[in-house]
Amino acid sequence: MEHITVLLEKAIEQLNIKEDGIYVDCTLGGAGHSSLILSKLKSGHLYSFDQDDFAINIAKERLDKIGKNYTIIRSNFVNIKSELEKLGVTKVDGILYDLGVSSFQFDDAKRGFSYNSDAKLDMRMDSSKDFSAHDIVNKYSYDELVRIFYMYGEEPFSKQIARKIIENRPINTTLELVDVIKKALPQKVLNSKGHPAKRIFQALRIEVNDELKVFEKSLNDVINLLNIDGRVVVISFHSLEDRVCKTIFKDNSTINIPKGLPIINKELPKLELITKHPITPSIDELENNNRAHSAKMRVARRQI
Ligand SMILES: C[S@@+](CC[C@H](N)C(=O)[O-])C[C@H]1O[C@@H](n2cnc3c(N)ncnc32)[C@H](O)[C@@H]1O
């Protein structure tokens, strides 16, 4: 299935692109956002990160039709600071994250992201890494499974599911795992809306790719890469990612003066929050793009 970019125009509008600026797309994917950024640059340059070779190949073909002033960096965006430094880039004018997996990855059954089609348990965004969902499901202790299911899946039946997984090992494929999850859940949950394996699959994906820690480190680093007036735009798809973004933006847009101390020189915080509340897709977009339903976009501007 084609990947339909979420919040395409709204995200690019928020980047406030200058034609001679330096921009970074941390999540190139099918190059939806990157293409629009590149089309707005003249003497500026775009650096786009992805850790997935398939995404990079598709994106390159698309970007070549628009311009030459771009560089694709095949790396995890956790390395953004060091990777840009290698290329002599220490300051940028705008940074975008459109988190998660693309439809190409989700719909490619053999990548093991989907609970709807059978495949080896995998879920690696970077296929060159050794650690996959198979290792977690078959090697983690009961306590480790419960921890990630609660923390990353917010799954109320984490203990029951962890116990069933351990009883049914080895579990090799996505649909075998879905069956085990179903066996652990009460009938009323199986009858309710939403796929019964959704939360566990989310937890496994986050753990395999270390998604929250990677995003947290990267976002903290990029604030220091921004030029004054530069913007960072984050599109997230679940409450855990959104919480990381909200916390980092809040910590960097407020100054804590200990109670009782006088305010002498009113120092400004590094960031100005552009979005007090997250921007969400329009009704039109929601009707045309299923992936857009849980999307939230937050924007901040470097002010000092
Ligand atoms: C939702 S898609 C981006 C779609 C893109 N904005 C578009 O319009 O086509 C996310 C992409 O980011 C990549 N990605 C996710 N986390 C990453 C990370 N930590 N480092 C590098 N790439 C990452 C995924 O491999 C995927 O291709």
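Before any of the text, the structure's been laid out above.
Described in the following lines is the structure provided in the data block. (Residues numbered from 1 in each chain as written. Predicted model: local features only at pLDDT ≥ 70, side-chain atom pairs only at ≥ 80, totals over all residues. Heavy atoms only, no water.)

### Quick notes on the site of the ligand
Inspection of the region around the ligand gives 26 residues, with Thr5, Asp50, Phe77, Asp98 and Gln105 positioned closest. In the model, a nitrogen atom of the ligand is placed 3.4 Å from a nitrogen or oxygen of the glutamine 51 main chain. One of the side-chain nitrogen or oxygen atoms of aspartate 98 is found 2.7 Å away from a nitrogen atom of the ligand. Burial of the ligand by the surrounding chains reaches 98%, relative to a free accessible area of 600 Å². In terms of residue class, the shell around the ligand is made up of 9 nonpolar, 13 polar and 4 charged. (Near = heavy atom within 4 Å. Polar contact = N/O pair within 3.5 Å; in protein donor to acceptor, adjacent residues only side chain to side chain. Areas by Shrake-Rupley, 256 points an atom, 1.4 Å probe, with all protein chains shown as cover. Nonpolar A, V, L, I, M, F, W, Y, C, P; charged D, E, K, R; others polar.)

### Here's the deal with the side chain of threonine 275
Counting through the fold element by element, threonine 275 comes out in the loop between β6 (271-273) and α14 (283-288). At 2.8 Å, the side chain of threonine 275 forms a polar contact with the backbone nitrogen of valine 299. (Helix = DSSP H or I, 4+ residues; strand = E, 2+ residues; numbered from the N terminus.)

### Notes on the packing of aromatic side chains
For the structure on display, the rule yields 5 aromatic pairs. Relative to phenylalanine 104, the ring of phenylalanine 54 lies with its centre 6.2 Å away and its plane at 80°, an arrangement referred to as edge-to-face. Of this pair, phenylalanine 54 sits in helix α3 (residues 53-64) while phenylalanine 104 is found in helix α5 (residues 103-107), placing the two residues 50 residues apart along the sequence. For phenylalanine 54, a relative accessible area of 45% translates into the label partly exposed. (Phe/Tyr/Trp six-rings, centres within 6.5 Å; stacked < 30°, edge-to-face > 60°. Buried < 20%, exposed > 50% of the residue type's maximum accessible area, 1.4 Å probe, protein only.)

In short, geometric facts, not functional conclusions.
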